[in-house]
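An overview of the molecular structure
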Amino acid sequence: MPAVHGQTHRHTRSVQRALILTRGGHDWTDRFPSILAEASHPPLNTAILDGEAVVLDEKGRSDFGMLQRALGRRPAAHEPGEIILYAFDLLYLDGRDLRRLPQRERRRLLEPLLEGRDGAIRLSEEVEADGETFFRVACDLGLEGIIAKDRARPYRSGKRADWLKIKCVRRDNFAIVGFEPSTLPGAIARLLLAARKDDTLVYVGGVGTGFTQQTSTKLREVLEKIPTKTPAVKLSRKNAVFTKPLLVAEIEYRAWTKDGRLRHPSFKGLREGQDKEAIYQNERE
């Protein structure tokens, strides 16, 4: 999820202008029309907000894949107008640089600006709780993670110990439907994975990390014993060796991409037995 810095300016003749910058400093103002409209009318004072751009699913959870689709160039189920900016920090207000103030004071100044707003710019909810317990609850609810801040610290750009983004890691089981051979003799480069979709299997990407060369060699020995000329998924891949979907891999990953692939997958092992019901049920669009 790209961080978005929303900057609004109010001029003497009631002309409003908003600028939306990514964490890397790129001007993406035109890519966030709903946020731009909300920032410009009615004006949010002369301010620089720091926040996160998200698209919410039907349960009110941010979904990175949905955000990617909304920002994509091709027609998709999600539009730029669905993107919301959750503001969590205030860096500048009416001529005053607030970055040296402690986080709790910046938050106190931010809350009145966004109080009661439920449109494209909203106040990110702040929770004071035991970190480990709150993180566990957030992951159980299917959230992408939490942000933890030291309330006494000033604002500093970049990664630092007093402002942490702690991501939830997901772990599910996927059918192995083939592999791509490695340049190393007898090993594999990537396992090809599939999830259940009703009564069929759908391709969800490959995984090339998480196994040692020894494990890779053993996996190839097993998979070469169950080849098939008819792939279990709709996939054409040069040099791929397709296998019967008899083995189930346990995979750790972060989230889903816009095209239904696993983000940052890592192989954790084979699941005991051949339980079809253990394979992840894909309910995505």
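Residues numbered from 1 in each chain as written. Predicted model: local features only at pLDDT ≥ 70, side-chain atom pairs only at ≥ 80, totals over all residues. Heavy atoms only, no water.

**Considering the nonpolar core**
Where we set the bar: Working definition of a nonpolar core: buried Ala, Val, Leu, Ile, Met, Phe, Trp, Tyr and Cys residues. They are joined through side-chain atoms within 4.5 Å. The buried label applies to any residue whose accessible area, calculated with a 1.4 Å probe on protein chains only, is under 20% of its type's maximum; exposed applies above 50%, and partly exposed to all values in between. Think of it this way: any DSSP run of H or I at least four residues long counts as a helix, any run of E at least two long counts as a strand, and we number them from the N terminus. Working rule for contacts: check all heavy atoms of both residues, and any pair within 4.5 Å makes them a contact.
Residues Phe32, Ile35, Ile83, Leu90 and Ile121 are the most contacted members of the largest nonpolar core, which totals 26 residues. Mapped onto this core, the elements with two or more residues apiece are strand S2 (16-22), helix H1 (33-40), strand S3 (47-54), helix H2 (64-71), strand S4 (84-93) and helix H3 (103-114). Each residue touching Ile35, except ones within four places of it in the same chain, is listed here: Ile20, Ile83, Ile84, Leu85, Ala120 and Ile121. If you look at the next biggest cluster of nonpolar residues, it comprises 20 residues, including Ile176, Ile188, Ile251 and Leu262.

**So, the confidence of the model for the chain**
Definition in use: Each residue carries a pLDDT score, the predictor's own confidence in it, on a scale running from 0 to 100.
The predicted model of the chain averages 85 in pLDDT, with 88% of residues at 70 or higher. Confidence over residues 1-15 falls short of pLDDT 50; this stretch has 59 contacts with residues more than four positions distant or in other chains.

**Side note on the state of the cysteines**
Let me state the cut-off plainly: Throughout, a disulfide means two cysteine sulfur atoms within 2.5 Å of one another.
Tallied over the entire structure, the rule returns one disulfide. Residue pairing for Cys139: its cysteine sulfur links by disulfide to Cys168, the two sulfurs lying 2.1 Å apart. The chirality of the disulfide connecting Cys139 with Cys168 is left-handed, given an S-S dihedral of about -90°. One end of the pair, Cys139, is in helix H4 (residues 131-140); the other, Cys168, is in the loop between strand S8 (163-167) and strand S9 (170-181), with 29 residues separating them in the sequence. Given the relative accessible area of 24%, Cys139 is considered partly exposed.

**Section: the side chain of Gln103**
By secondary structure assignment, the location of Gln103 is in helix H3. Take Gln103: its relative accessible area is 4%, and that puts it in the buried class. Residues contacting Gln103, with those up to four places away along its chain left out, are Glu126, Lys149, Asp150, Arg151, Ala152 and Arg153.

**Here's the deal with the environment of Ala37**
Relative to the assigned elements, Ala37 resides in helix H1. The exposure class assigned to Ala37 is partly exposed, which follows from its relative accessible area of 44%. The spatial distance from the C-alpha of Ala37 to the C-alpha of Arg17 is 9.6 Å, given a sequence separation of 20 residues.

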